[in-house]
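# Survey of secondary and tertiary structure
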Amino acid sequence: MVKGSVRPVMTDITTDIAIIGAGPAGLFMVFEAGFLGYSSTVIDALPQAGGQLSALYPDKPIYDIPGYPKILAGDLVAKLQGQAAPYKPTYVLGEPVLTLTGVAGDLTLKTENHTIQAKAVVIAGGGGMFTPRKPVGLDNLENFEDAGSVLYAITHKEALRGHTVVLAGGGDSAVDWAVELAGIAAHVHVVHRRADFRAAPETVRQMMALVDTGKITLHTPAQLKALHGDDGALASLTLADVDGAETEIVASKLICCFGIAPQKGPFAAWGVTEEKGKLPVDPSTMMTNVPGILAIGDIADYGHKLHLILQGFAEAAVAAKTLQALIDPDKKFKVQYSTSKGVPEV
Ligand SMILES: Cc1cc2nc3c(=O)[nH]c(=O)nc-3n(C[C@H](O)[C@H](O)[C@H](O)COP(=O)(O)OP(=O)(O)OC[C@H]3O[C@@H](n4cnc5c(N)ncnc54)[C@H](O)[C@@H]3O)c2cc1C
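Residues numbered from 1 in each chain as written. Predicted model: local features only at pLDDT ≥ 70, side-chain atom pairs only at ≥ 80, totals over all residues.

## A closer look at helix 5 (residues 172-181)
- Burial analysis of helix 5 places eight of its 10 residues in the buried class, the great majority of the element.
- All of the buried residues along helix 5 are Ser173, Ala174, Val175, Asp176, Trp177, Ala178, Val179 and Leu181.
- Close packing links the buried residues of helix 5 with strand 11 (164-168), strand 12 (187-191), helix 6 (201-212), strand 13 (216-219) and strand 17 (253-256). (Buried ≥ 20, exposed ≤ 12 C-beta atoms within 10 Å, placed from the backbone. Helix = DSSP H or I, 4+ residues; strand = E, 2+ residues; numbered from the N terminus. Contact = placed C-beta atoms within 7 Å.)

## What to know about the domain arrangement of the protein chain
- Its domain assignment divides the protein chain into domain 1 (12-130 + 261-341) and domain 2 (134-258).
- Measuring from the centre of the C-alpha atoms in domain 1 to the corresponding centre in domain 2 gives 35 Å.
- Between domain 1 and domain 2, the contact holds five residues from the first and five residues from the second.
- Residue classes in the side of domain 1 that touches domain 2 are distributed as three nonpolar, no polar and two charged. (Domains from an automatic or database assignment. Nonpolar A, V, L, I, M, F, W, Y, C, P; charged D, E, K, R; others polar.)

## A closer look at the pairing of strand 7 (residues 106-110)
- Here strand 7 shows a clear split, with Leu107 and Leu109 buried on one side and none of Asp106, Thr108 and Lys110 buried on the other.
- As judged from the five bridges shared by strand 6 (residues 99-103) and strand 7, these two strands associate in the antiparallel manner. Residue Val103 lies in a different strand from strand 7, and its bridge partner there is Asp106.
- Following strand 6, the chain reverses through two residues before pairing antiparallel with strand 7; Gly105 in that reversal takes a positive phi of roughly 100 degrees.
- The loop that links strand 7 with its antiparallel partner strand 8 (residues 115-123) comprises four residues. (Pairing = 2+ DSSP bridges.)

## Some thoughts on the site of the ligand
- Residues in close proximity to the ligand total 37 residues, the closest being Gly21, Gly23, Gly51, Gly126 and Gly297.
- Elements with a contribution of two residues or more to the shell around the ligand: helix 1 (24-35), strand 2 (40-44), helix 2 (52-55), helix 5 and helix 7 (309-327). (Near = placed C-beta within 6 Å.)

## Observations regarding the environment of Ile216
- Looking at the secondary structure, you find Ile216 in strand 13.
- Taking the C-alpha atoms as reference points, Ile216 and Leu323, separated by 107 residues in sequence, lie 52 Å from one another.

## Points about the nonpolar core
- In this structure, Ala18, Met29, Val121, Val122, Ile123 and Ile296 are the most contacted members of the largest nonpolar core, which totals 59 residues.
- Here this core takes seven residues from helix 1, the largest share from any one element.
- Ignoring any residue separated from it by four or fewer positions in sequence, one finds Ile296 in contact with Ala25, Met29, Val122, Ala124, Met286, Gly312, Glu315, Ala316 and Ala319. (Core = buried A, V, L, I, M, F, W, Y, C linked by C-beta atoms within 7 Å.)

## Looking at the sheet that holds strand 14 (residues 222-228)
- Read from one edge to the other, the open sheet built from three strands follows the order 14-15-16, with strand pairing classed as antiparallel. The outermost strands of the open sheet, each flanked by one partner alone, are strand 14 and strand 16 (246-250). This sheet shows a mean twist of 30 degrees between the axes of neighbouring strands, independent of strand direction.
- The pairing of strand 15 (residues 236-241) with strand 16 spans five bridges and is classified as antiparallel. Its bridge partner being in strand 16, Leu237 is matched across the sheet by Ile249. (Axes fitted to C-alpha atoms, helices over the stretch in contact; angles between N-to-C directions.)

Right under this line is the structure:
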């Protein structure tokens, strides 16, 4: 979190724009709304800002952000918060938005501890309130989770230095992390229930090269059968192959990369049309079917939509224009250059 970018939260908040989701789209929405003179409150179910970038891949480099040939996802989040900071957003983190009532111009959102009064709402809910898919049938899994031996995301890869790490899964996350951690961990085991990997062929090729050098050991097809260790400190794991034959491997960390199971959002209950987990919008306004409720970023859908960070940024700019038309209908919208207007001093 960028120092000075978070104001103390209050029980009752009055704001121009309530932004649901502190992913990259929601964070840039703060800037675009602020540039037009509107205050924002950003609410997220996760305890930290950044959406998928913070929750799933903070240490991974992103290569397709304009102006940054390469930037770590976590660093991009910090920069977006820094860019939003002049407009003094209020953050309500760690609390899902439960209800939304009212009409455009006078909307009320409720979280567990806050009531937020807003003139308009922008849903930047990404893939929904996601929770990691967990392995099934492992005794005492919770103890190992509580002790930090079983992880579902890597938020600080240096914490894994010197550990013998087991990565379970066969998609991009498992294979990417196997390659990345091969240079940090004492040894990396990859456990996957199929013989082939769904990850990008180039990364699979890199992983296979590391298998050849002895830095990574593959266990395929195999599944997690049991975890062993005292007080949640992982000491070893039992794996079972398709015939039920068991192998025990010594390891101190298990990272499960089984993907995320997005929890269905509450949006349909608010009257917002939802199709296959996405919210259809008019891309010229980013308005949903409910007046006063807009959607941007991964959750917003229309023909030829690209689910990329940069698309969410552009949608925030379009949404800001719509917000001005909603909040100040008599004001003529005029594109303003940031070079001419500048931003408030932080
Ligand atoms: C491994 C990986 C690598 C990727 N690499 C790239 C890349 O290189 N380039 C690229 O452009 N894209 C990449 N992406 C995709 C990119 O991360 C998404 O496009 C981007 O995160 C979407 O941003 P967003 O703000 O729309 O939503 P998200 O980042 O998903 O954030 C949405 C937030 O909304 C919150 N939320 C949802 N519902 C509620 C609710 N009811 N109440 C409160 N909070 C709620 C969620 O908790 C979440 O924090 C990658 C994705 C993954 C998984």
